[in-house]
Amino acid sequence: MPPKIYGVLGFPARHSLSPAMHNAAFRALKINAEYTFFEKKPKDLEGFLHSLSKENIYGLNVTIPYKEKVLEYLQWKSPEVRFTGAANTIIVKDKNYLEGWNTDGIGFHRHLTKDLKFNPSNKTATILGAGGAAKAIANQLARREAKIIYLYDIDKDKNLSLAEKINKEFPKCHAIPANSIEGLDIENSDLLINATPVGMKENDPLLISADKLHSGLLIYDLIYNPPETKLIKIGKEKGARTSNGLGMLLYQGARSFELWWTDKKAPIEIMRQALNQGVAKL
Ligand code: NAP
């Protein structure tokens, strides 16, 4: 039997650590499958999505810039996809039937609770950014009964619309959109999340004033390359607990794996090891 094919769809996609993580899991569980990358230009996206069955492709992860674009090709969308307007996992059920899931939020939540032992219930969180990943995380935090979520994005409309959505769907959680970064109440927050790309480049500024960081905070930066952003470094100096985004990457991948292989448990430690080895080579 030829191996079942899985892969990450994006543009670019070659930098992704997902192939290393999933191929390690396939090998460990002796699954006859291969995970590759599908780097597709926008003009080739539609043709590719229509050829999945023919190419023996059973599942995809989706990354920048296609997480929103793929929605129009999905026949079924999970509640998380409907909330965020973005999908990062596709199950190819049949030639004409693609299921879309978003495992970013659950990946974040599993890392937060299992590894970092942080229970968001009744806590105050601040999220920088209101894009795809921020929406997935805000959805999870609100679902798990965070008390307050402060939101800030340079795009005020995105910020406002995410806050409205949370307040409407999760009445126990109070989402507060800040007009400016100074309007965030980081002093009284338990959790600070960076869900913007700011911090990926060496010369990127620290988005918030260093004075606001404190030892009562868990600072979670979704960026994992570099492994220590300015926010994490200064946070540590201020006595805060910190985490980069590698754990979220691990658990979102593990959730995708279990959506594709419903009878199997993702081999978390093998996948973690593969990611650690991959990130050391970046
Ligand atoms: P996205 O949809 O583009 O969202 C990023 C948001 O941040 C955008 O709304 C952007 O606004 C906003 N932003 C940019 N600069 C800002 C600033 N100076 N102040 C406030 N807001 C600012 O991207 P995403 O997919 O959510 O990803 C966000 C970050 O998370 C990226 O670094 C990505 O690599 C990372 N990520 C990590 C994982 C993981 O598993 N660890 C998973 C998903 C994403 P504009 O659109 O107006 O620029």
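Below is a short write-up of the structure. (Residues numbered from 1 in each chain as written. Predicted model: local features only at pLDDT ≥ 70, side-chain atom pairs only at ≥ 80, totals over all residues. Heavy atoms only, no water.)

## Notes on the layout of surface pockets
Heads up, the condition is: Lining residues are defined by having an atom within 4 Å of a point belonging to a cavity or pocket. Those points lie on a 1 Å grid over the protein atoms alone, cavities being sets where a 1.4 Å probe fits but cannot get out and pockets being open sets with protein on both sides within 12 Å along at least five of seven lines. Grid points are joined across faces, edges and corners, and a volume is the space filled by probe spheres set on the points. Think of it this way: any DSSP run of H or I at least four residues long counts as a helix, any run of E at least two long counts as a strand, and we number them from the N terminus. Note that Gly is not counted as nonpolar here; it falls among the polar residues with everything else outside the nonpolar set of Ala, Val, Leu, Ile, Met, Phe, Trp, Tyr, Cys and Pro and the charged set of Asp, Glu, Lys and Arg.
Space inside the largest pocket adds up to approximately 1,400 Å³. Forming the boundary of the largest pocket are 45 residues, of which Thr63, Ile64, Lys67, Ala133 and Met200 lie nearest the centre. Of all elements in the fold, only β3 (57-62), α5 (132-143) and α8 (246-260) reach the threshold of two or more residues within the lining of the largest pocket. The element that contributes the greatest number of residues to the lining of the largest pocket is α5, accounting for four residues. For the lining of the largest pocket, the per-class residue count stands at 26 nonpolar, 13 polar and six charged.

## Considerations on the sheet that holds strand β2 (residues 33-39)
Operational definition: In short, DSSP must find at least two bridges between two strands for them to pair. Whether two residues touch is decided by their heavy atoms; if any such pair falls within 4.5 Å, the residues are in contact. The angle between two axes is taken between their N-to-C directions and runs from 0 to 180 degrees, where each axis is a line fitted to C-alpha atoms and a helix contributes only its stretch in contact.
Strand order in the open sheet formed by six strands is β2-β1-β3-β5-β6-β4, with mixed pairing between adjacent strands. The open sheet has two free edges, formed respectively by β2 and β4 (76-77), since each of these has just one partner strand. Looking at chain direction, strand β5 (residues 89-94) and strand β6 (residues 97-101) are connected through five bridges and run antiparallel. Looking across to β6, one finds that isoleucine 91 is bridged to glutamate 99. Running over the sheet, helix α1 (residues 18-28) touches β1 (4-10), β2 and β3 and is turned about 170° from β2. Of the strands in this sheet, β1, β2, β3, β5 and β6 are in contact with α8, which crosses β5 at around 5°.

## Description of the site of the ligand
Put simply, the test is: Proximity is defined per residue: if any heavy atom of the residue lies within 4 Å of a molecule or strand, that residue is considered near it. Distance and chemistry together define a polar contact, namely a pair of N or O atoms within 3.5 Å, with one atom able to donate a hydrogen and the other to accept it when in protein, and with adjacent residues in sequence counting only for side-chain atoms on both sides. Under the convention used here, a 1.4 Å probe and the Shrake-Rupley method define accessible areas, while residue burial counts only the protein chains that appear.
By nearness alone, 22 residues border the ligand, and Gly132, Ala133, Asp153, Lys158 and Gly245 come closest of all. Between the ligand and glycine 132, the relevant distance is 3.0 Å, taken from an oxygen atom to a main-chain nitrogen or oxygen of the residue. A distance of 2.6 Å separates an oxygen atom of the ligand from a polar side-chain atom of aspartate 153. Isolated, the ligand exposes 920 Å² of accessible area, and the fraction of that covered by the protein chains is 76%. Of all elements in the fold, only α5 and α8 reach the threshold of two or more residues within the shell around the ligand. The residue inventory of the shell around the ligand, partitioned by class, reads 13 nonpolar, five polar and four charged.

## Observations concerning the pairing of β5
As paired elements, β3 and β5 share three bridges and run antiparallel to each other. Note on β5: the bridge partner recorded for asparagine 61 is threonine 89. The hairpin formed by β5 and β6 contains two residues between the paired strands.

## Topic: the sheet that holds strand β10 (residues 191-194)
Ordered by their spatial adjacency, six strands build an open sheet running β9-β8-β7-β10-β11-β12, and the pairing between neighbours is parallel. Edge positions in the sheet fall to β9 (174-177) and β12 (241-243), since each has one partner strand and no second. Between one strand axis and the next, the sheet turns by 15° as a mean value, whatever way the strands run. Direction of pairing for strand β7 (residues 124-128) relative to β10: parallel, over a ladder of four bridges. Paired with alanine 125 across the two strands is leucine 191, which belongs to β10.

## What to know about the packing of aromatic side chains
As a reminder, the rule being used: Aromatic rings from Phe, Tyr and Trp, with only the six-membered ring used for Trp, were paired whenever their centres fell within 6.5 Å, and each pair was classed as stacked if the ring planes differed by under 30 degrees, edge-to-face if by over 60, and tilted otherwise. Geometrically, a lysine NZ or arginine CZ counts as sitting over a ring once it is within 6 Å of the ring centre and also within 35 degrees of the ring normal.
Applying the stated rule across the entire model yields eleven aromatic pairs. Their ring planes at 40° and their centres at 4.9 Å tell us that phenylalanine 38 and phenylalanine 48 sit as a pair that is tilted. Placement of phenylalanine 38 in strand β2 and of phenylalanine 48 in helix α2 (residues 45-50) is noted, with a sequence separation of ten residues between them. An aromatic cluster is present here, built from Tyr6, Phe26, Tyr35, Tyr58, Phe257, Trp260 and Trp261 joined pairwise through their rings. Against the face of tyrosine 58 rests lysine 4, its NZ or CZ located 4.6 Å from the ring centre.

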